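Topology and contacts: notes
Single-letter residue listing:
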Amino acid sequence: TCSSAFHSHVRNTAVEDSIFQIDPPEEMNKYRSPLVSRYTSKEMSYNFSDKKKFITWRKLWIYLAKAEKALGLPITDAQIAEMESHAEDIDFAMAAEEEQKLRHDVMAHIHTFAHCCPTAAPIIHLGATSCYVGDNTDLIALRDGFNILLPKLARVIDRLANFAEEYADLPTLGFTHFQPAQLTTVGKRACLWLQDLVMDVRNLEQARDNLRFRGVKGTTGTQASFLQLFQGDRDKVEELDKMVTEMAGFKKAYLVTGQTYSRKVDINCMSTLASLGASVHKICTDIRLLANLKEIEEPFEKEQIGSSAMPYKRNPMRAERCCSLARHLITLMADPLQTASVQWLERTLDDSANRRISLPESFLTADIILSTLQNITEGLVVYPKVIERHIHHELPFMATENIIMAIVKAGGNRQECHEKIRVLSQEAAAVVKQEGGDNDLLGRIQRDPYFAPILGQLDALLDPKTFIGRAPQQVKKFLAEEVRPLLEPYKANMDVKVELVL
């Protein structure tokens, strides 16, 4: 049989035998999150990497030592210089061994840092608790994550604004309930998408700017350990908090915390990302619907395959990916809500494992969504002839009010004309729905002697551009007053291209 012949061929072919005997690389035996291995950018992946996290821990210990020294604690320049010289050369193998032994990640890295900084070892982490490095590092990652996302969102808006401007006056069918409605323009519809994204920029900027530093607060947020270090000098403790906050690049610290900063902060951050996910899902759903109508398509590569079974297909896979990931981004919002609600008193540790997953995944997901959407908006294809055909199919029905007004101006009776058009419209609708024919309402009107006084006006009455209202002017004003000024802070980041893994 074919099957036995195939297996015989495999058995008798040395090359293929060797292929079947080779074990896959070790990493192929492990689950790898597609967010990291397939989708997200290197900069966002690094932002939540262990390397950045632990380097940030060491920088925070250096900030603390510098501030404590400046405020009079017996810490030497040599100790600080030693710490600074080893800020980034982390022995991850040693840290892993220490954590396996101690079952405490912060203490493992304190020991690892102390090993290469023997002079500074006695003052590393002086007066601090684990959340000094843990929470403050998270806040830095959140801030930096927003700073990575915002230029990407700005680029999407820029591309979409250019698209809206180009097609500001191209009439297209509007849809309500996904049923044909009054005409709009391709550019005006794009402005509906833009309006949501403009709101997202403002929300992300606000979430970033509202972030504060946890600062130097001690075990339960009372700063008692630092008050003891400075022999009851409250002013020095307050100044210590301020100095470390400024060294970390924050303008303010939270005035009160428990052991951790309030987990409501995570809710605020992730809710803005979930809201962005909702915007992107709506935009990409619209693009998918329009692709089905063959009015608009996302970019399609020359050798791209839409379906393994149907060679003719041009599936909107980029928009589908955005929708898929946007759903994930939206559902992640449940995690910080649950976490904040179950934090007992000054703190419980059941937040930790959840936050290690949900916080990075929110930013990683938003990152790839924006990169994909930039790719889509840079290559949107519009098919004006298809759009025009769809308009002409529906426009006779939409023009009936204009025709009634023209008859009245010519001396006719409004109610009588309304009844005439109602009857003719029902007949034309029957042809479309029951016979599968074209909309012949216009022909019926032209053949009816009642409408003879306005036959010469029909072409003007049926010009699509008379049905789009102020859409072109709305586009122009919206782009000039709302969109372009919003993009000014991001002008230096506009020329960046994205390479997608498709």
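Residues numbered from 1 in each chain as written. Predicted model: local features only at pLDDT ≥ 70, side-chain atom pairs only at ≥ 80, totals over all residues. Heavy atoms only, no water.

Formally: UniProt positions are given in the numbering used here, feature names are shortened, and annotations may be inferred rather than shown by experiment.
Naming follows an unreviewed UniProt entry, where the protein appears as Adenylosuccinate lyase of Oreochromis niloticus. Looking at the Subunit (unreviewed entry) heading of the UniProt record, one finds this comment for the protein: "Homotetramer. Residues from neighboring subunits contribute catalytic and substrate-binding residues to each active site." Listed under Sequence similarities (unreviewed entry) in UniProt, the entry text for the protein is "Belongs to the lyase 1 family. Adenylosuccinate lyase subfamily."

**Overview of the packing of aromatic side chains**
The line we're drawing: Only Phe, Tyr and Trp rings take part, Trp by its six-membered ring, and two of them pair if their centres are within 6.5 Å. Stacked means planes under 30 degrees apart, edge-to-face means over 60, and tilted covers everything else. Helix and strand assignments come from DSSP, with helices taken as H or I runs of at least 4 residues and strands as E runs of at least 2, each series counted from the N terminus.
With the rule as written, the count across this model stands at 11 aromatic pairs. Between Phe48 and Phe363, the aromatic rings sit 5.6 Å apart at their centres with planes inclined by 40°, giving tilted as the arrangement. A residue pair is termed long-range when its members are at least 10 positions apart, and Phe48 in the loop between helix H4 (42-47) and helix H5 (50-70) and Phe363 in helix H16 (residues 352-378) qualify at 315 residues. Ring centres of Phe175 and Phe178 lie 5.3 Å apart, and the angle between their planes is 40°; on these two criteria the pair is classed as tilted.

**Some remarks on the domain arrangement of the protein**
Rules: Either an automatic procedure or a domain database provided the assignment from which the domain bounds are taken. Whether two residues are in contact is decided by their heavy atoms: any pair within 4.5 Å suffices. Buried area counts how much accessible surface, traced with a 1.4 Å probe, disappears from two parts once they are put together, with both parts' losses summed. The rule for a salt bridge is simple: a side-chain nitrogen of Lys or Arg has to be within 4 Å of a carboxyl oxygen of Asp or Glu. A 3.5 Å cut-off defines polar contacts: any pair of N or O atoms within that distance qualifies, except that in protein one atom must be a possible hydrogen donor and the other a possible acceptor, and neighbouring residues in sequence count only when both atoms are side-chain atoms. Here the nonpolar group is Ala, Val, Leu, Ile, Met, Phe, Trp, Tyr, Cys and Pro; Asp, Glu, Lys and Arg are the charged ones; every other residue, Gly included, is treated as polar.
Taken as a whole, the protein is organised into domain 1 (45-116), domain 2 (130-299 + 314-382) and domain 3 (386-466). On a C-alpha basis, the centroid separation for the pair domain 1 and domain 2 is 29 Å. Contact residues are listed per partner, giving 20 residues for domain 1 and 28 residues for domain 2. Summed over both partners, the interface of domain 1 with domain 2 comes to about 2,000 Å²; 77% of that surface belongs to carbon and sulfur atoms. Applying the counting criterion to the domain 1 and domain 2 interface returns two salt bridges. The partner of Arg356 in a salt bridge is Asp105, and the shortest N-O contact between them spans 2.9 Å. Inspection of the domain 1/domain 2 interface yields seven residue pairs in polar contact (both at pLDDT 80 or more). No other element matches the 12 residues that H5 contributes to the side of domain 1 that touches domain 2. Among the residues making up the side of domain 1 that touches domain 2, the classes are represented as 11 nonpolar, four polar and five charged.

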